[in-house]
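# Descriptive structure summary
Listed here are the chains, written in short residue letters.
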2 protein chains.
Amino acid sequence: MEFKDVVKQKHLKDFFYPETIAVIGASDRFDKLGYHVMKSLLIGDFKGKVIPINPRLKEIMGLKVYSSLLKYHGKIDLAVFVIPSDKVLDVLDECYQKGIKNAVIITAGFKEAEGLDGKKREELLREKAKSYEISIIGPNTFGIVNLHNNLNASFTPEFSICKRGKVALVSQSGGMSYFFAFLAQRMNIGFSKIVGLGNRVNTDFSDMLLYLKEDPETDVIGIYIEGVDNPRHLVNSIKYVSKEKPVVVYKTGLSSKKDEASKSHTGSIAGRYEIYIGAFKQSGAILTYSSEEFLDAVKVLSQCPMPKGKKIAILSGQAGPAISAADEVERLGFTLASFSEEVRREIENSIPPMAIRSNPVDLGPVWHDEEANSKILKLVIEDQEVDCVVFLIMYASANLKALKRLISYFKKHRPSKPILTSIISPERIWDKEIDELESLKAIANYPSPERAVRALSFLFRYKEVKNRD
Amino acid sequence: MEFKDVVKQKHLKDFFYPETIAVIGASDRFDKLGYHVMKSLLIGDFKGKVIPINPRLKEIMGLKVYSSLLKYHGKIDLAVFVIPSDKVLDVLDECYQKGIKNAVIITAGFKEAEGLDGKKREELLREKAKSYEISIIGPNTFGIVNLHNNLNASFTPEFSICKRGKVALVSQSGGMSYFFAFLAQRMNIGFSKIVGLGNRVNTDFSDMLLYLKEDPETDVIGIYIEGVDNPRHLVNSIKYVSKEKPVVVYKTGLSSKKDEASKSHTGSIAGRYEIYIGAFKQSGAILTYSSEEFLDAVKVLSQCPMPKGKKIAILSGQAGPAISAADEVERLGFTLASFSEEVRREIENSIPPMAIRSNPVDLGPVWHDEEANSKILKLVIEDQEVDCVVFLIMYASANLKALKRLISYFKKHRPSKPILTSIISPERIWDKEIDELESLKAIANYPSPERAVRALSFLFRYKEVKNRD
């Protein structure tokens, strides 16, 4: 029996496309999470209805407040809990009465908390949710975000400034999610969904993976894992989903000391790190070992097509960066392409022998010769001996013309091969141009020549995963 | 006999503090390097005199043009050459006649060029320079920059937007220098000098190292090397200089193919990479293996004091980043500090047991309790069991208060231990605050928790170098 036949897939779509959201514990006080959730929903420009629930207030941010869920008579698709933990179970009863099927429980104080109370409360929550057939994200989460639906049901309004894109981020940590989101913004990475799973009382990584596999807005799934409750199920889910979409994993909890740490953090045991890593590798996950590597991987996988093979061409506007990129190719054991005879000849005719031209190719000597430049670019990209292209441009004011030429070239000749660039400019200069270039769905830009080369390893790795069976 | 006794140190200071500069080949045409050199000097706001030399023009950028060096009757301290290579030798004669002792020769077409002409021209240049006792930087260089003297004698005006600081960058590649400069700007790294050595006809890495050792504006020397002409001399220089100031090295040219490449680039043989790496390591260089690592190293070494030992404390506003930092400590084989009894007790009194608190310390639960927070920070920084502190804050709008508290705390308690931070915020938010924090000369901020931890390795490495004898 195949995995897909045994797994009962949850209908998580309604979490991300609700029409009406109740915020239980909405507040007008800045020091309350209920304030930040309201702000997130409104700043995020959510197009549906937001119903604040609070027994002590009449109005929050211009919206009418209801004293309880039951006082609101319309249909509610999603309940967001930001109330004290001892009130969560009673409000879940009200959710059941109102026929609400989905709840994001931001409230902390469940199994991650000290003592038996929290554990017991979480057990009761799980049982109730099961009998009520309510899907819960959380408890103890920052919330969920769907950038394709202007939905920011989290206590972090700043998630709404993330770029919309094709990467789903599923995380076990609020802090890491902020980090990924804001660093991703600087790296020009766009998200589809951002989900904090928290204690995973009945919605786990596996459920989210299966949902995202079918989500048309998601091309790449990135998961940040501290502890795993049901490793076998997760490994099977990754195996199943990664045939369809890349699953990039960053797993922390390497040392035993941290195992204790992450146990208290989201109430699960981080477990024996190496065993998980081995199992994830087997399952077809794209493993990464630092948060920047994680972002580098989701970026290239969401922006570039798969290469046919592994032969790399390096083109550069300057010699130095070409050499450092070629070194990285060597260091990673990758292969520089040998250009086909015709391409080699053309390059030798265009570029003087004093330059690096066999691959890497230093375009410096013809940098201001539009025709020669475009010809070499086209020849190299179209050469059947080349599978991937690394293109490097270091800023100089005179290079803007070259960059614009590149953009218009790629607009006309949409490449079917991955083009990894490292186009480095002073702050705020060229941001627009790089955005434009990256929107072409073949190109991913990185902050250094070496990282542009290294990003290829994630494409190569996913190619292996796809080819496994 | 010690190295310092055998080496004749050049007087390179006049390159960086000239009063009058002649630009030979100054131009008013955008497609000429002579235009960009003029622009660099003027945009850089150089306080001395700039004398453009060009036989065909009367005025450039509002300045009177002289038809030749000899037509200008004042003293000239530095000649910058941006003329065709076949005219360089004649103008050097004029320099001699004018008593000019220092020349930056941007002009290419010497030993890096095809055929015998270039090689021969370079030989003649070397001989003439020797008999005239003229020090030359170049030929085939982008130029030199002294940010402490508003001097931008290069063809890249954008170098002038670099932050002024204590890192000297000496490079063999224009492309890599742009890259370092612009990425450094984003990383908030400040430079003292930026020097392109080009073909090094009579000023080599060693000369520059010896000069920078004495330069009061320079605390850290970063060198980017492709090929080396006199490796033994360089290794001895690094050995001598690194007792005083850290010398960070990024050497490219790993593969034989690239050896050819970098031979043509700046006319020297990149040589057997591993042998150089081994020799540099022996000499006390701080070796780095990617351009980002190079910048991470110069940053921490220029901004942080040396730690007494290697025991690391991790403080974090959120648990996830703390775990990923602790993983990196584990991965690098570093040691987490065990807090002294008193500190441990205080932390246990302040932070509830559900949180990570033994080290790493998750300050999340007391994040809004100013007193508890400051107390823990002070205790941990002052704990004699702690040598280095890694402090992590992921942005949330509510955290601005915490960041400002941190700044005012550090202003009052200037730490004598290195504080590595990873404070991540959306673009353009908190830039000012991070600047302020980094200006305190104890703190260096990195774009990820893992890189903040990894940066410590460069401090540890330099500590070993200092302790060698």
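Computed from a predicted model, the values in this text were never measured in an experiment. (Residues numbered from 1 in each chain as written. Chains lettered and ligands numbered in written order. Predicted model: local features only at pLDDT ≥ 70, side-chain atom pairs only at ≥ 80, totals over all residues. Heavy atoms only, no water.)

### Notes on the overall build of chain A
What counts here: Strands here are runs of E lasting at least two residues and helices are runs of H or I lasting at least four, both read from the DSSP assignment and numbered beginning at the N terminus. A radius of gyration in this sense is built from C-alpha atoms; the matching globule rule multiplies 2.2 Å by the number of residues raised to 0.38. Relative accessibility decides the category of a residue: with a 1.4 Å probe and only protein chains considered, values under 20% of the type maximum give buried, values over 50% give exposed, and everything between is partly exposed. Only heavy atoms matter for contacts: two residues are in contact if any of them lie within 4.5 Å across the pair. What sets the accessible areas is the Shrake-Rupley method with a 1.4 Å probe; for residues, cover comes only from the shown protein chains.
Check the secondary structure of chain A and you find 17 helices and 20 strands. A compact globule built from 469 residues would reach a C-alpha radius of gyration of about 23 Å, and chain A, at 25 Å, matches this within 12%. Overall, chain A is about 80 × 50 × 40 Å in size when its C-alpha atoms are taken along their principal axes. The buried share of chain A, reckoned over its 469 residues, is 64%. Of the contacts made within chain A by residues no fewer than 6 positions apart, 76% connect residues no fewer than 24 positions apart. Carbon together with sulfur atoms contributes 49% to the accessible area of chain A, which is approximately 17800 Å² in total.

### A closer look at the relation of the copies chain A and chain B
Put simply, the rule is: What sets the superposition is a least-squares fit of C-alpha atoms, and only residues with pLDDT of at least 70 in both copies go into it.
Relative to chain B, chain A is turned by 180 degrees and slid 0.0 Å along the rotation axis, the superposed coordinates differing by an RMSD of 0.0 Å. Such a combination of rotation and displacement between the chain copies is what one expects of a two-fold axis. By residue overlap, the copies meet face to face through one surface: 100% of the interface positions of chain A are interface positions in chain B.

### Observations regarding the sheet that holds strand E5 (residues 78-81) of chain B
Residue and element names in this part refer to chain B. Keep this limit in mind: Any two strands with at least two DSSP-identified bridges between them are counted as paired. Interaxial angle, 0 to 180 degrees, is taken between N-to-C directions of lines fitted to C-alpha atoms, where a helix line uses only the stretch in contact.
Within the open sheet, the 5 strands sit side by side as E2-E1-E5-E6-E7. Their pairing is parallel. Taken across any chain shown, the strands that pair with only one partner, and hence form the sheet edges, are strand E2 (49-53) and strand E7 (135-137). Averaged over all neighbouring strand pairs, the angle between strand axes comes to 20 degrees, with direction disregarded. In terms of strand pairing, E5 meets strand E6 (residues 102-105) through 3 bridges, oriented parallel. From the neighbouring strand, Phe81 faces E6, where its bridge partner is Ile105.

### Regarding the sheet that holds strand E2 (residues 49-53) of chain A
Residues and elements named next belong to chain A. Here 5 strands make up an open sheet; going across it, the order is E2-E1-E5-E6-E7 and the pairing parallel. The sheet terminates laterally at E2 and strand E7 (135-137), the two strands that pair on one side only. Each neighbouring strand pair of the sheet contributes to a mean axis angle of 20 degrees, computed without reference to strand direction. As defined by bridge partners, strand E1 (residues 20-24) adjoins E2 across 5 bridges and the pair is classed as parallel. Of the residues in E2, the one forming a bridge with Ile24 is Ile53.

### Let's talk about the pairing of strand E8 (residues 143-146) of chain A
Residue and element names in this part refer to chain A. Residues of E8 alternate between two faces, with Gly143 and Val145 on one and Ile144 and Asn146 on the opposite face, all of them buried. Across 4 bridges, the pairing between E8 and strand E9 (residues 151-154) is antiparallel. Across the sheet, residue Gly143 finds its bridge partner in E9, namely Ser154. Count of turn residues in the E8/E9 antiparallel hairpin: 4 residues, of which Asn150 carries a positive phi of about 50 degrees. Bridge count between E8 and strand E11 (residues 190-196): 3 bridges; the pairing is antiparallel. Of the residues in E11, the one forming a bridge with Asn146 is Lys193.

### What to know about the side chain of Thr107(B)
Residues and elements named next belong to chain B. As for its position among the elements, Thr107 is in the loop between E6 and helix H5 (115-132). With relative accessibility at 5%, the residue Thr107 sits in the buried group. Dropping the residues within four chain positions of it, Thr107 is found in contact with Phe81, Val82, Ile83, Pro84, Ser85, Val88, Pro139 and Asn140.

### A short note on the interface of chain A and chain B
Rules: In short, buried area is how much 1.4 Å probe accessible area vanishes from two parts on joining, totalled over both. By convention in these notes, a salt bridge is any Lys or Arg side-chain nitrogen within 4 Å of a carboxyl oxygen on Asp or Glu. The term polar contact refers here to a pair of N or O atoms within 3.5 Å; inside protein, the definition further demands a hydrogen-donor-capable atom paired with an acceptor-capable atom, and it admits residues adjacent in sequence only when both atoms are side-chain atoms. Residue polarity is assigned by list, with Asp, Glu, Lys and Arg as charged and Ala, Val, Leu, Ile, Met, Phe, Trp, Tyr, Cys and Pro as nonpolar; anything else, Gly included, falls into the polar class.
Taken together, the contacts link 72 residues of chain A with 72 residues of chain B. For the pair chain A and chain B, the summed buried surface comes to about 5800 Å²; carbon and sulfur atoms form 60% of the total. Taken together, the links from chain A to chain B amount to 4 salt bridges. For Arg186(A), the salt bridge is made with Asp431(B), and the minimal N-O distance between the two is 3.9 Å. Taken together, chain A and chain B are joined by 16 residue pairs in polar contact (both at pLDDT 80 or more). Elements supplying a minimum of two residues to the side of chain A that touches chain B: helix H6 (174-187), strand E13 (247-251), helix H9 (256-266), helix H11 (291-303), helix H12 (319-331) and helix H17 (449-467) of chain A. Counted by class, the side of chain A that touches chain B contains 33 nonpolar, 20 polar and 19 charged residues.

### Thoughts on the confidence of the model for chain A
Test applied: Each residue carries a pLDDT value, the predictor's own confidence for that position, ranging from 0 to 100.
Here chain A averages 91 in pLDDT, and 94% of its residues register 70 or above. Scored as a whole, the predicted complex attains pTM 0.93, and scored at its interfaces, ipTM 0.92.

### Observations concerning the packing of aromatic side chains
How we decide: Ring geometry is summarised as follows: Phe, Tyr and Trp rings, the Trp one being its six-membered ring, pair when their centres sit within 6.5 Å, and such pairs are stacked at plane angles under 30 degrees, edge-to-face over 60 and tilted between the two. In this analysis the charged atom, NZ for Lys or CZ for Arg, is taken to sit over a ring once it is within 6 Å of the ring centre and within 35 degrees of the ring normal.
The final tally for this structure, using the stated rule, is 32 aromatic pairs over all chains. Summarising the aromatic geometry, the rings of Tyr276(A) and Phe280(A) are spaced 6.2 Å apart at their centres and angled 25 degrees between planes, so their arrangement reads as stacked. Note that Tyr276(A) and Phe280(A) are positioned in helix H10 (residues 273-283) at a spacing of 4 residues, about one turn of the helix. Exposure remark for Tyr276(A): the relative accessible area of 13% places this residue in the buried category. Following the ring pairs from residue to residue traces out a cluster consisting of Phe179(A), Phe180(A), Tyr224(A), Tyr250(A) and Phe294(A). One Lys or Arg, Lys13(A), reaches over the ring of Tyr17(A) and ends 5.5 Å from the middle of that ring. One Lys or Arg, Lys299(B), reaches over the ring of Tyr446(B) and ends 5.6 Å from the middle of that ring.

### Some thoughts on the pattern of salt bridges
Tallied over the entire structure, the rule returns 47 salt bridges over all chains. Across the pair Arg29(B) and Asp31(B) runs a salt bridge whose closest N-O atoms are separated by 3.2 Å. When its relative accessible area of 46% is taken as the criterion, Arg29(B) is described as partly exposed. Residue class for Asp31(B) comes out exposed when judged on its relative accessible area of 57%. A salt bridge links Glu464(B) to Lys310(B); its shortest N-O distance comes to 3.9 Å. One end of the pair, Glu464(B), is in helix H17 (residues 449-467); the other, Lys310(B), is in the loop between helix H11 (291-303) and strand E15 (311-316), and 154 residues separate them in sequence. Sharing partners across several salt bridges, the network here consists of Glu292(A), Asp296(A), Arg451(A), Glu292(B), Asp296(B) and Arg451(B).

### Quick look at the packing of helix H15 (residues 400-412) of chain B against helix H16 (residues 431-438) of chain B
Residue and element names in this part refer to chain B. Formally: Working rule for angles: under 35 degrees goes down as roughly parallel, over 145 as roughly antiparallel, 65 to 115 as roughly perpendicular, anything else as oblique. By convention the crossing between two helices is left-handed if the near helix lies anticlockwise of the far one by an angle smaller than a right angle, and right-handed if it lies clockwise.
The contact between H15 and H16 brings their axes to 10 Å, and the two run at 20 degrees. Between H15 and H16, the angle falls in the class roughly parallel. When you trace H15 past H16, the crossing you get is left-handed. Across the interface between the two elements, Leu400, Leu403, Lys404, Leu406, Ile407, Phe410 and Lys411 from H15 touch Glu433, Glu436 and Leu437 from H16. A per-class count over the contact of H15 with H16 returns 6 nonpolar, no polar and 4 charged.

### Considerations on the environment of Gly222(B)
All names here are of chain B. Residue position: Gly222 is located in strand E12 (residues 220-225). As for Gly222 and Ala285, which are separated by 63 residues in sequence, their C-alpha atoms are 9.7 Å apart. Among all residues touching Gly222, those that are not within four sequence positions of it are Ala168, Leu169, Val170, Val248, Phe294 and Val298.

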